[in-house]
Every structure is written in C-alpha cells, then in structure tokens.
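Examining the three-dimensional arrangement
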Amino acid sequence: DVRIESSSFCYTAGDHSNIYGRGGRSCGWREGPSFDVVASLVRGSHLSDEQRLTFLAAMLKQHPTIVNQADYGTHTCMLKMLVETTSDPAILNLVLSVNTIVGLIPD
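Residues numbered from 1 in each chain as written. Predicted model: local features only at pLDDT ≥ 70, side-chain atom pairs only at ≥ 80, totals over all residues. Heavy atoms only, no water.

Thoughts on the overall build of the protein
A tally of helices and strands in the protein yields 4 helices and 3 strands. Secondary structure elements of the protein occur, N-terminal to C-terminal, as β-β-β-α-α-α-α. Counting all 107 residues of the protein, 25% fall into the buried class. (Helix = DSSP H or I, 4+ residues; strand = E, 2+ residues; numbered from the N terminus. Buried < 20%, exposed > 50% of the residue type's maximum accessible area, 1.4 Å probe, protein only.)

Structural notes on the confidence of the model for the protein
Taken as a whole, the protein shows an average pLDDT of 78; of its residues, 78% reach a score of 70 or greater. Here strand β3 (residues 16–21) is the element of the protein with the lowest mean pLDDT, 69, and helix α4 (residues 89–96) is the one with the highest, 90. (pLDDT = per-residue confidence, 0-100.)

Some remarks on the pattern of salt bridges
The tally for this structure, following the rule as stated, stands at 2 salt bridges. A salt bridge links D49 to R52; the nearest nitrogen and oxygen atoms lie 3.0 Å apart. Here D49 and its partner R52 are both found in helix α2 (residues 49–62), 3 residues apart, which amounts to about one turn of the helix. (Salt bridge = Lys/Arg side-chain N within 4 Å of Asp/Glu carboxyl O.)

Some details on a nonpolar patch on the surface
Together, V2, I4 and F9 line one region of the surface with nonpolar side chains, adding up to about 300 Å² of accessible area. Relative to the helices and strands, F9 resides in strand β2 (residues 8–13). A relative accessible area of 31% means that F9 is categorised as partly exposed. (Patch = residues over 30% accessible without salt bridge, like charges linked within 9 Å, V, L, I, M, F, W, Y side chains within 5 Å. Areas by Shrake-Rupley, 256 points an atom, 1.4 Å probe, with all protein chains shown as cover.)

A closer look at α4
An α-helical turn contains 3.6 residues, so any two residues separated by three or four positions project in the same direction. When α4 is considered as a whole, its buried residues turn out to be I91, L94 and V95. Seen along its axis, α4 keeps its buried residues to an arc of 90 degrees; they face one direction. Pointing more than 90 degrees away from the buried face of α4 are the exposed residues P89, N93 and L96. Contacts made by the buried residues of α4 are with α2 and α3 (78–85). Regarding α4, its N-cap is D88, as a side-chain oxygen of that residue lies 3.0 Å from the backbone nitrogen of A90 further along. (Arc of directions from axis to C-beta. Contact = heavy atoms within 4.5 Å. Polar contact = N/O pair within 3.5 Å; in protein donor to acceptor, adjacent residues only side chain to side chain.)

Let's talk about helix α1 (residues 35–43)
Those residues of α1 that fall on the buried side of the exposure criterion are F35, V38, A39 and V42. Each buried residue of α1 sits inside an arc of 95 degrees when the element is viewed along its axis, so together they form one side. Considering only its buried residues, α1 is in contact with α2 and α3.

Overview of the packing of α1 against α2
Across the interface, α1 lies against α2 with an axial gap of 9 Å and an inter-helix angle of 155 degrees. With respect to α2, the axis of α1 lies roughly antiparallel. Between α1 and α2, the contacting residues are V38, L41 and V42 on the first element and R52, F55 and L56 on the second. (Axes fitted to C-alpha atoms, helices over the stretch in contact; angles between N-to-C directions. Parallel < 35°, antiparallel > 145°, perpendicular 65-115°, else oblique.)

As for the nonpolar core
Counting 18 residues, the largest nonpolar core has V38, L56, L60 and L82 as the members making the most contacts within it. Looking at this core, the elements with two or more residues in it are α1, α2, α3 and α4. In this structure, L60 is in contact with I66, V67, L94, V95 and V98, ignoring residues within four places of it in sequence. (Core = buried A, V, L, I, M, F, W, Y, C linked by side-chain atoms within 4.5 Å.)

What follows is the structure, given as structure tokens:
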C-alpha cells in the first residue's frame, strides 16, 4: 500500500512500513489506532449509534489513552472532539469514565 499526502509519503510491504516527510508519527504492533482512524469512525455516518458505541468500548478497553490523542493539525484531543460533536450520552459517559489519566490541551 502507498499513501501520498502534501507533506508525507508512506508505504508498506508485508510487515514493514516507512514514512517520509513530516515526522512525529511512528508505527508499532502494540500501538492503538491513530486519532484520524478513531475520529473518522466515530464521525462517520456509516455506523449506527450502537456500532459506534461498541467500537469505542472495544478501543477504550484495549487502548484507554486514545482519549488523550490529539489531531496532528488542530491539536484537538479525542475527548474534547467527542464532547463537542457527540450528542449520544452513552458515548460521553463511556469516554468520561475511562480508567486513565486525562490530559486536556488548553484552548
């Protein structure tokens, strides 16, 4: 697979991947999903509310620190994005009850 962006180039071959360009991101087998992956699934209209909640519950159980991940461009953290864009009380309750240290980036 190959991905070309305005400031980065990424390719994968088998179990190896390389990223060239703007740094700051690295890959690892035990790492959780990126902010972009979680945000696109949560914001996407292709999932029902139940599927969205199931996805988030599974991700937060395995990787609770995703609530602290921030968008690379806007520096908005996942928790803030969900609080501002989600009206589902079950999702808000889920992300606010995560068993991890929560660190918010000041506005």
